[in-house]
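As a plain string of letters, each chain reads:
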Amino acid sequence: MTSHNAHLTEETLKRQLEQQKLMSALSLSFISTEDMTVLINNALRTTGEFLGVTRMVIGVPNRNEGVTRPAFAWFDTEDIRPAPTNSDIGDLIAGSFPEYASPTENVPCICCDDVATDERYSALQKVDIKSFIWAPLYVSGRIWGILSIEECGKTRAWSESDIQLVNLIDSVIRGAVARSLTERKLVHLSSIVENSPQFICYLDADGRIEYANEGALRISGYGSEKVLKSGIKLFFDGETLAQLKARVDAGKNLSDTDTPGEELQREFIAPLHCRNGDVRMLNFSMFPVEGKGLGLIGLDITERIQLQEQLVEAKNQAENSNSAKSEFLSRMSHEMRTPMNAIIGMTSIGRSSSDIERKDYCLSKIDEASKHLLGVINDILDMSKIEAGKFEVSLAEFRLEKMLQRVTNVIGFRMDEKKIDFSVKLALDLPAFIISDDQRLAQVLTNLLSNAVKFTPENGSITLSARCVNESDELCRLEFNVTDTGIGISPENQAKLFNSFEQADGSISRKFGGTGLGLAISKRIVELLGGEVWVESEEGKGSSFIFYVIAMRSLGERRRVTAPSLTRGNTRVLAVDDSQEVLEYFASLADIINISCDVASSGAEACRMIEGNGENYYSLVFVDWRMPVMNGLELTRIIKERYGDKIVVVMISATEWTEIEADAKAAGVDGFVPKPLFPSNIVDCINEHLGMAENEGEKAESLIPVEYEEGCFSGYRDRK
């Protein structure tokens, strides 16, 4: 070994020994009660002088401003100051480390010997940094700060011993910061306990009071000295003291065990005797503390108990005085007078006018007011029957889908007026025929849909869905759901929705009209049909009214789909609609009834598909009336001009047939199916136009096969 190499080895060993001494000194220096700021600044100075660097800086991110600012710094001369704040540099530093990391995760520091040769950090030349080491300071799994060791005058090749020293100071600083934050939290918690308005005290293992907070002193009216001297007997009578002693004895092991019996003993209500002679009712909770002692937290519930008693008394008085019914009668008199005045007024105007259009206008208003008045009278009569216990249901066999169609037809025009998207989703496991009360079931659905329309703004949406939840011994639990995008209902008003003679909000009647009896009547009908009704709602986000009934599946139920002559091989159908949901609906139905069905999302696409089939024509084309670019009428004219009667064209639309019938027939439309789409309507249309051979003198029922039990049909009324 040459003398030069021996000298280098000696210097290296000496340097390593000095570093070991420095590292030990740094670790010991933080085992101190001195202020954390002084400890950190001393550690930065000592490490910076040993490494011989330009700057030692700890930057703490300001999350509100999005920048990292120097919180602690050391520099080797007075001429050197911390690098100026620069948003680009701050983003570079922040982006170099993950925002969060596991407390046990070893996040390495970042070293750079020459920023000019590394494009990732070349921006640091703006603040005269030539080489650096960055080390993240993670406290409780979150970046508290960044330790930056910087060389400004020259580049530097950082050694493993340099990095080892940086990791050490990073570790001891993190520990000091964590201790400081923990101590600060403990001070905050102590302050919270001391200033809490609740009754808080600690009992030793013998039941003596060791501590009582300001809340305990305020509630009881006693001073701290009196409480500590007299003990727990100052607050409680003999019976409560005996119970508390038993709880203290049982609770000595609460910190060691957690059996159900002991868990029940942790909370109890007891009277607390105050200095002024008052008795306050407190809800106490017990918790174990170190040293086999117990803590007591008491919440003063005196006013709450008094309020509950007052509410019960007020409720009894309201029921005794029958004030709810009186208010209802007052509201009903207004509901009946309003349409009656309209009828009388319009009748008078119509008689005195010779204009036919004016007379028609008056008659239409009289018709609307009459129907409204009839609805009010029916609600009152139904509610009277319910109150008298004479409200009954009549069970009979009926076809479920036809009943749903009847309901949607009744309510459809009101949805058209408000341009509401209406969809119907029927699960495939729904029985075709059931034994129940179809009129009463329709009454419930009509009421829920009417409310949905009433409280849903224009261009909103409403969905009616139905499914069979379960079936046992021929009894089906049928669940219906009416969901809207309306104004929603607050939790406090939801509790009053189904009460007789009450509305959720008195202003509802004035703003939207109605008797407020519909939901109460619906609830009674559902209960008579063996079910239950409830609401799920959030203010401003719409509502879902859900109910189920118990019905019997009809033993004589018939299952019939398309004619036997219509098969997948000889029957090809094309569905054209710009709604993807409608196209999926047609494709699903075609699979079940075993015919071939293609779909097109525009008139142009439909033309290409028809022309591409050559002489292999589609048997029937379902065309939506309103589509962008090329509407249904234009597409129909093209099909009829090219293929004539070889292709049957059926129009589908939510618009009334009478409004588009003339234009549709002129274009060559062969038939019409209304939206929302129901399976039976589609199947009936196919049978009618493609040859329903065996008719048996009447139109056969077109039902979904019983073997298909999974999936869901959806009918869509999309304002077209």
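Since the structure is predicted, the reported quantities are computational estimates derived from the model, not experimental observations.

A. Representation of the side chain of E401 within the structure. Relative to the helices and strands, E401 resides in helix α12 (residues 400-417). Although E401 is buried, it forms no salt bridge, and the closest oppositely charged side chain is R399 at an N-O distance of 4.3 Å. Not counting chain neighbours up to four residues away, the residues in contact with E401 comprise L426, A432, F678, P679, S680 and N681.

B. Structural detail: the pattern of salt bridges. Taken as a whole, this structure holds 20 salt bridges when the rule is applied. Between R524 and E527 there is a salt bridge; the shortest N-O distance is 3.9 Å. Within this pair, R524 and its partner E527 are both found in helix α16 (residues 518-528), separated by three residues, close to a single helical turn. The exposure class of E527 is partly exposed, given its relative accessible area of 37%. Residues joined by salt bridges that share partners form a network here, namely E151, R156 and D162.

C. A look at the sheet that holds strand β20 (residues 620-624). Pairing within the open sheet is parallel, and its five strands lie in the order β19-β18-β20-β21-β22. Edge positions in the open sheet fall to β19 (596-600) and β22 (671-674), since each of these has one partner strand only. Each strand axis lies, on average, 20° off the axis of its neighbour in the sheet, ignoring direction. Pairing analysis gives four bridges linking strand β21 (residues 648-653) to β22, with the strands arranged parallel. Paired with S653 across the two strands is P674, which belongs to β22. Here helix α17 (residues 580-593) sits on the sheet and contacts β18 (572-576), β19, β20 and β21; the angle it forms with β19, its principal contact strand, is near 170°.

The rules we used
- Residues numbered from 1 in each chain as written.
- Predicted model: local features only at pLDDT ≥ 70, side-chain atom pairs only at ≥ 80, totals over all residues.
- Heavy atoms only, no water.
- Helix = DSSP H or I, 4+ residues; strand = E, 2+ residues; numbered from the N terminus.
- Buried < 20%, exposed > 50% of the residue type's maximum accessible area, 1.4 Å probe, protein only.
- Lys, Arg positive; Asp, Glu negative; His and termini not counted.
- Salt bridge = Lys/Arg side-chain N within 4 Å of Asp/Glu carboxyl O.
- Contact = heavy atoms within 4.5 Å.
- Pairing = 2+ DSSP bridges.
- Axes fitted to C-alpha atoms, helices over the stretch in contact; angles between N-to-C directions.

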